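Below, each chain spelled out in residue letters.
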Amino acid sequence: MKNSRTSVFVFAFLGMIFGLGGCAVMDKDIPGWSQYRHPEQAGELRLASKSLGEGDPVLLIHGFGASSYSWRHIVEPLAQKYRVITIDLKGFGESPKPRDNAYSVYDQARLVRNFVLENNLKNLHIIGHSYGGGVALAASIYLSSSHPNLQRSLVLIDSIAYPQELPGFVRMLATPVLGPLVIHAIPNSVQVKSLLKKVYFNDAAIPQGTIDHYADNLAKPNAKYATLATVRQMLPADLQQFSENYSSLLLPALIIWSRDDEIVPLAIGERLHENLPNSKLIIFNDVGHAVQEEAPSRLLPYLQQFLDAQTRHVSSGL
């Protein structure tokens, strides 16, 4: 009974906090795209990664608060034909979490670009989800300008891409004083479960193992610092200007969205489809923000068909 009362109190407290999230302050002092346009290839920080399978490389980039674990249902099926590489973005999973305040989409994209070059990845397919989709977009723009023949295609799943209103839990974490208070005061498992209830369409489908995994990640040294730094820098101040680059990204792109996404609305996906010249938009119903976790069997056929089509296209010399 005591645990039940505690849970009720915690969730009520979270609900009250989410209602106060309008005081969020995004970090507007981070460098804009103009200062990242020509990134240095060398860097001391190395992203944690795993690789499975052989063939053309498929690089999977997870979203905010997640890790390469979010692709666990996707990796082995794709690895039947491809070399599937998962990375943990800076600050998440097993990757370093320095207290350097450099956690913007542009910072992450520079690290991804460096990873691609340092590992000599050619005929590359990049798949990004949510915040990782924004990273994938920026990394693709980097590669298209500096190494235009390396990347073959891009897949974006419920991706950030334009200025938007952020959901309550993100605004709460970005709120001065309140964000640090909550992330340190509320049990990790409660925070993760509250977030996943926004991510999933069907709350009953949230596995306890997933809650436990992400809660353990949040307990790693400096993980909470990295989470707060990332959330303040999630949408760069110059994102609208940066988005003007999308029309120059000519590689084949598959955009996958949930009509019921509570975090990044479908309107963002539709706008991306309009602005990416060589894109196709697939819309799912009755699934949430992370289809690769909630309904991977629905996602996989579209990924496999798209990747196979790009491989056939190149091998035929078209």
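Residues numbered from 1 in each chain as written. Predicted model: local features only at pLDDT ≥ 70, side-chain atom pairs only at ≥ 80, totals over all residues. Heavy atoms only, no water.

Q: Would you explain helix α9 (residues 208–218) in this entry?
A: One full turn of an α-helix is made of 3.6 residues, so residues set three or four places apart face in the same direction. Every buried residue of α9 is accounted for by Thr 210, Ile 211, Tyr 214, Ala 215, Asn 217 and Leu 218. Looking straight down α9, one finds its buried side chains confined to an arc of 155 degrees; they lie on one side. Turning to α9, the residues buried within the fold contact α7 (178–185), α8 (188–199), α10 (223–232) and α13 (291–294). (Buried < 20%, exposed > 50% of the residue type's maximum accessible area, 1.4 Å probe, protein only. Helix = DSSP H or I, 4+ residues; strand = E, 2+ residues; numbered from the N terminus. Arc of directions from axis to C-beta. Contact = heavy atoms within 4.5 Å.)

Q: It is not clear to me how the confidence of the model for the protein chain should be interpreted in this structure. Could you clarify?
A: Parts of the prediction with low pLDDT should not have their coordinates interpreted in detail. Mean pLDDT over the protein chain works out to 89, with 85% of the residues at or above the 70 mark. For the stretch residues 1–12, pLDDT sits under 50, and the model shows 5 contacts to residues farther than four places along the chain or on other chains. (pLDDT = per-residue confidence, 0-100.)

Q: Looking at this structure, I do not really get unusual backbone geometry. What am I missing?
A: Negative phi values dominate among residues other than glycine, just as trans dominates among peptide bonds. The backbone of Ser 130 sits at a positive phi, close to 60 degrees, despite the residue not being glycine. As for its placement among the helices and strands, Ser 130 is situated in the loop between β4 (124–129) and α5 (131–146). The backbone of Asp 286 sits at a positive phi, close to 60 degrees, despite the residue not being glycine. Position of Asp 286 among the secondary structure elements: in the loop between β7 (279–284) and α13. Note on Asp 286: relative accessible area 52%, which makes it exposed.

Q: What exactly am I supposed to notice about the pattern of salt bridges here?
A: Any two side chains of opposite charge can pair, on the condition that their charged atoms come close. Tallied over the entire structure, the rule returns 9 salt bridges. A salt bridge links Arg 110 to Asp 107, with the nearest nitrogen and oxygen atoms 3.3 Å apart. Here Asp 107 and Arg 110 lie together in helix α4 (residues 105–118), a separation of 3 residues that amounts to about one turn. Its salt-bridge partner being Arg 171, residue Glu 165 comes within 3.6 Å of it at the nearest N-O pair. (Salt bridge = Lys/Arg side-chain N within 4 Å of Asp/Glu carboxyl O.)

Q: I tried to follow empty space enclosed by the protein on my own but got confused; where do I start?
A: To find leftover empty space, one rolls a probe the size of a water molecule over the atoms. Applying the stated criterion across every chain, the model contains 4 cavities of 30 Å³ or more. Here the largest cavity is characterised by a volume of approximately 330 Å³. As for the largest cavity, its lining consists of 22 residues, and the residues nearest its centre are Gly 65, Val 192, Leu 195, Leu 218 and Thr 227. Within the residue set of the lining of the largest cavity, elements represented by two or more residues are α1 (2–19), α6 (168–173), α8, α9 and α10. The greatest single-element share of the lining of the largest cavity, amounting to 5 residues, is contributed by α8. Looking at the lining of the largest cavity residue by residue, the classes come out as 15 nonpolar, 7 polar and no charged. Quantified by volume, the second largest cavity comes out at close to 250 Å³. (1 Å grid on protein atoms, 1.4 Å probe; cavity = no way out; pocket = protein on both sides within 12 Å on 5 of 7 lines; lining within 4 Å. Points joined across faces, edges and corners; volume = space filled by probe spheres on them. Nonpolar A, V, L, I, M, F, W, Y, C, P; charged D, E, K, R; others polar.)

Q: Looking at this structure, how should I read the layout of surface pockets?
A: Empty space within the largest pocket amounts to approximately 310 Å³. Forming the walls of the largest pocket are 18 residues, and the residues nearest its centre are Lys 50, Ser 68, Tyr 69, Thr 86 and Asp 88. Contributions of two or more residues to the lining of the largest pocket are made by β1 (49–52), β3 (83–87) and α9. The greatest single-element share of the lining of the largest pocket, amounting to 4 residues, is contributed by β1. Considered class by class, the residues forming the lining of the largest pocket number 6 nonpolar, 8 polar and 4 charged.

Q: How should the environment of Lys 280 be read in this particular structure?
A: Within the secondary structure, Lys 280 sits in strand β7. Once the C-alpha coordinates of Lys 280 and Leu 254 are considered, the two residues, 26 residues apart in sequence, prove to be 5.0 Å apart. In this structure, Lys 280 is in contact with Ala 253, Leu 254, Ile 255 and His 273, ignoring residues within four places of it in sequence.

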